[in-house]
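Survey of secondary and tertiary structure
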Amino acid sequence: MILAFSGNRFLAEEALRDEVRARGLNPRDLPQLGGDDLTLEALLPLLQGSLFGPSNVIVDLEGHKGAKELLAAMEGADATLFVLDPAATAARIKIYEKAGQHRALPAPSKPGEVAGWVATRAKSRKLQLDRDAALRLAEIFGGDLASIAAELLKFELIAEGRVDAAMVDRVVNLRPPGDSFALLGAATAGRAQEAAQQLERLIEGGEDPFKLMGAVVWQYSLVARCVALRQENPGVNEHAAAQRLGVKPYPAKKALEVARRLNEDRIRVHLVRILEADRAMKSGTPPRSALERLVLQLSL
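Predicted model, so just to flag it, every value in this text is computed and none were measured. (Residues numbered from 1 in each chain as written. Predicted model: local features only at pLDDT ≥ 70, side-chain atom pairs only at ≥ 80, totals over all residues. Heavy atoms only, no water.)

To continue, consider the overall build of the protein. The secondary structure content of the protein amounts to 15 helices and five strands. In terms of C-alpha radius of gyration, the protein reaches 25 Å, well past the compact-globule figure of 19 Å for 300 residues. Once the C-alpha set of the protein is aligned to its principal axes, its extents read approximately 80 × 45 × 40 Å. Taken across its 300 residues, the protein has 42% of its residues classed as buried. Of the contacts made within the protein by residues no fewer than 6 positions apart, 68% connect residues no fewer than 24 positions apart. With the model as given, the accessible surface of the protein reaches about 16,400 Å², and the carbon-plus-sulfur share is 50%. On the protein, the mean spot of the 40 positive side-chain charges and the mean spot of the 39 negative ones are 6 Å from each other. (Helix = DSSP H or I, 4+ residues; strand = E, 2+ residues; numbered from the N terminus. Rg over C-alpha atoms; globule rule 2.2 N^0.38 Å. Buried < 20%, exposed > 50% of the residue type's maximum accessible area, 1.4 Å probe, protein only. Contact = heavy atoms within 4.5 Å. Areas by Shrake-Rupley, 256 points an atom, 1.4 Å probe, with all protein chains shown as cover. Lys, Arg positive; Asp, Glu negative; His and termini not counted. Charge placed at Lys NZ, Arg CZ, Asp CG, Glu CD.)

Our next topic: the UniProt feature "domain: DNA polymerase III delta subunit-like C-terminal" (unreviewed entry) in the protein. Under the UniProt annotation, "domain: DNA polymerase III delta subunit-like C-terminal" (unreviewed entry) lies at residues 180-297. Between the C-alpha atoms that bound residues 180-297 there is a distance of 16 Å. The span itself is 81% helix and 0% strand. (UniProt positions renumbered as here; feature names shortened; annotations may be inferred.)

This part is about the packing of helix 11 (residues 209-232) against helix 12 (residues 238-245). At their nearest, the axes of helix 11 and helix 12 sit 11 Å apart, and the two run at 115 degrees to each other. Crossing of helix 11 over helix 12 shows right-handed handedness. Together, Leu-222, Arg-225, Cys-226, Leu-229 and Glu-232 of helix 11 and Ala-241, Arg-244 and Leu-245 of helix 12 make up the contact between the two elements. Of the residues belonging to the contact of helix 11 with helix 12, the class tally is five nonpolar, no polar and three charged. (Axes fitted to C-alpha atoms, helices over the stretch in contact; angles between N-to-C directions. Left-handed = near helix turned anticlockwise from the far one by under 90°. Nonpolar A, V, L, I, M, F, W, Y, C, P; charged D, E, K, R; others polar.)

Laid out in structure tokens, this is it:
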């Protein structure tokens, strides 16, 4: 029998270990093969049963290209195979479903989805986590669920009462990465200091200033088009905007949030400022200085 787990590596591996334990086994006691150690020659002896019954084996197929022969051997084996295959193809999934069970573990990707996952996991661990704390962890770690789970375990050990965003900042001791949409949002709302902080985080995080300018140009073009859409239909939502703009709903949503604070006159002024900053960077002005000046100008 094959019990396969695909999708997000961290979640799939966690689900696999839970399944092993649910069958009264200890994952550490089972033979495990993966990477360069996973060969047909190494696997075949482990597929043979013993006087104590069928064998149990953990097989990690991540990144393994020559899996056809391995799967053929596993499919007909007298063994229970716990298979970790994060990037399982449709063909592999058919084999897993035919020879046993397959479980897909998709991962949350958007900040709100990650925060929701954090809140749910904290609740399952009986950890009192504020909504803002969940959002802060999502901001800092993004889709790195393993790191978030490690931080939650840390809070379980040290927290007495509720965990808020301030405690997250103290314990994690990492700043969330910059967000160029958040930069635009803060600047166009007149929050120059917050916008400057976002810019600093982006640059300190290794963001290339020229690529960052490219992102600002693209994102602000979405904002300008969202202003035009809202003139036609003030109640336009992210899904309708995404369809009209030819982008995914998330950037459409972020662009609409900025567009709600702007009008055509301000858009024109800001586009001129962005063009001037772009020219300055390409003409020899220090890129960081040009971007800092632009952030200030957009905040006025």
